[in-house]
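Reading the structure
In case you want the letters, here they are:
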Amino acid sequence: MRIRNILASLSLLLSLPVAAAPADDFLASLRPHCGKAFEGIITTNESGAANDPFAGQRLVMHVRDCSKSGEVRIPLHVGEDRSRTWIVTRTATGLRLKHDHRHADGTEDKLTQYGGDTIAPGTAGRQSFPADAFSRTLFTDNKLPPGAQQNVWTLEQGQGTFTYELARPGRVVRMVFDLTKPVAAPPAPWGHE
């Protein structure tokens with residue numbers, strides 16, 4: 001009788017709905033925007049380079065691909081430059097953010113596939129990604145400023161905006177995109193035509 005009660009309890013527990021993790025909620029909130037593009041502005045650019053490639057350029061993010069397997073691809077167009085794509089992927093423990101950088105001919109840039117995994121659950125509206133070991137090695141090998149190894153990227157959604165932020169000692173850049181006013185979708189990013 002005791003085993004039957006335990007099995008009945010287990011069966012009941014297994015039939016209860018499981019609460020979605022903040023990572024799932026974050027991805028779910030991106031899905032309604034799939035296929036749409038949005039214009040943004042730089043709201044913070046502390047200690048940016050004198051030859052900043054973003055300065056004076058039109059910024060457009062395009063929530064281009066939303067796979068059922070838990071991946072969202074968001075190309076970032078900087079003026080006519082179509083080299084950047086943010087890739088957000090569901091992992092067993094949270095989310096992963098990678099930066100896919102390509103040349104106009106579609107080949108990968110030497111600085112590509114950097115990013116990191118969430119180390120905290122975050123929230124449905126905010127996820128942070130500290131630089132992973134691959135990225136730290138890539139930055140060191142390519143002689144990026146020493147602070148780059150401490151990069152933390154943050155993606156944030158809320159109140160009609162999407163925010164991308166890079167923060168490290170001595171450097172913060174923040175871009176905010178208006179999700180309430182879709183714009184014409186740009187061409188495919190380089191290497192993903």
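Residues numbered from 1 in each chain as written. Predicted model: local features only at pLDDT ≥ 70, side-chain atom pairs only at ≥ 80, totals over all residues. Heavy atoms only, no water.

Some words on the overall build of the chain
When helices and strands are tallied, the chain shows three helices and 11 strands. For the chain, the sequential pattern of α-helices and β-strands runs α-α-β-β-β-β-β-β-β-β-α-β-β-β. The 193 residues of the chain split such that 39% are buried. A sequence separation of at least 24 residues applies to 49% of the contacts in the chain between residues at least 6 apart. (Helix = DSSP H or I, 4+ residues; strand = E, 2+ residues; numbered from the N terminus. Buried < 20%, exposed > 50% of the residue type's maximum accessible area, 1.4 Å probe, protein only. Contact = heavy atoms within 4.5 Å.)

Some points on the nonpolar core
Ranked by size, the top nonpolar core spans 32 residues in total, and within it M61, W86, W153, L155, F162 and F177 carry the most contacts. Those residues within four positions of F177 in sequence are excluded, and the remaining contacts are F38, E39, G40, L59, V60, M61, L76, W86, G160, T161 and F162. (Core = buried A, V, L, I, M, F, W, Y, C linked by side-chain atoms within 4.5 Å.)

Some points on helix α2 (residues 22-30)
Those residues of α2 lying buried are A23, F26, L27 and L30. All buried residues of α2 fall inside an arc of 95° around its axis, so they share one side. Looking at the buried side of α2, the elements it contacts are β4 (71-78), β5 (81-90), β6 (95-101), β8 (126-130), β9 (152-158) and β10 (161-168). (Arc of directions from axis to C-beta.)

Side note on the environment of V152
Note on placement: V152 falls in strand β9. The partly exposed category is assigned to V152, whose relative accessible area is 28%. Between the C-alpha atoms of V152 and A167, which are 15 residues apart in sequence, the distance is 5.4 Å.

Overview of the environment of T91
Considering the arrangement of structural elements, one finds T91 in the loop between β5 and β6. A sequence separation of 21 residues divides T91 from G70, and the C-alpha atoms of the two residues are 8.3 Å apart.

Things to note about the pattern of salt bridges
Tallied over the entire structure, the rule returns 12 salt bridges. D117 is the partner of R96 in a salt bridge, and the nearest nitrogen-oxygen pair spans 2.6 Å. Of the two residues, R96 sits in strand β6 while D117 sits in strand β7 (residues 114-117), which places them 21 residues apart along the sequence. Exposure remark for R96: the relative accessible area of 32% places this residue in the partly exposed category. (Salt bridge = Lys/Arg side-chain N within 4 Å of Asp/Glu carboxyl O.)

Considerations on helix α3 (residues 133-141)
Those residues of α3 lying buried are S135, L138 and F139. Along the long axis of α3, the arc covered by the buried residues comes to 95°, so they all point the same way. Buried positions along α3 lie against β7 and β9.

Overview of the layout of surface pockets
Each pocket or cavity is described by its volume, and for the largest pocket that value is around 720 Å³. Lining the largest pocket are 27 residues, and of these F54, R84, H101, Y114 and L166 lie nearest its centre. Of all the elements in the fold, those that place two or more residues in the lining of the largest pocket are β5, β6, β10 and β11 (171-183). The residue inventory of the lining of the largest pocket, partitioned by class, reads 15 nonpolar, six polar and six charged. Approximately 160 Å³ is the volume found for the second largest pocket. Lining the second largest pocket, in full, are R58, V60, H77, G79, E80, R82, P186 and P187. Of the residues belonging to the lining of the second largest pocket, the class tally is three nonpolar, two polar and three charged. (1 Å grid on protein atoms, 1.4 Å probe; cavity = no way out; pocket = protein on both sides within 12 Å on 5 of 7 lines; lining within 4 Å. Points joined across faces, edges and corners; volume = space filled by probe spheres on them. Nonpolar A, V, L, I, M, F, W, Y, C, P; charged D, E, K, R; others polar.)

What about the packing of aromatic side chains?
In the structure shown here, the tally under the stated rule is five aromatic pairs. A connected cluster of aromatic rings, assembled from ring pairs, spans W86, F162, Y164 and F177. (Phe/Tyr/Trp six-rings, centres within 6.5 Å; stacked < 30°, edge-to-face > 60°.)

Overview of unusual backbone geometry
A positive phi angle, near 55°, is found at K143, a position not held by glycine. With respect to the secondary-structure elements, K143 resides in the loop between α3 and β9. According to the relative accessible area criterion, K143 is exposed, its value standing at 73%. The residue Q159 is not glycine, and still its phi comes out positive at about 50°. Here Q159 is to be found in the loop between β9 and β10. Look at Q159 and you get exposed, because its relative accessible area is 86%.

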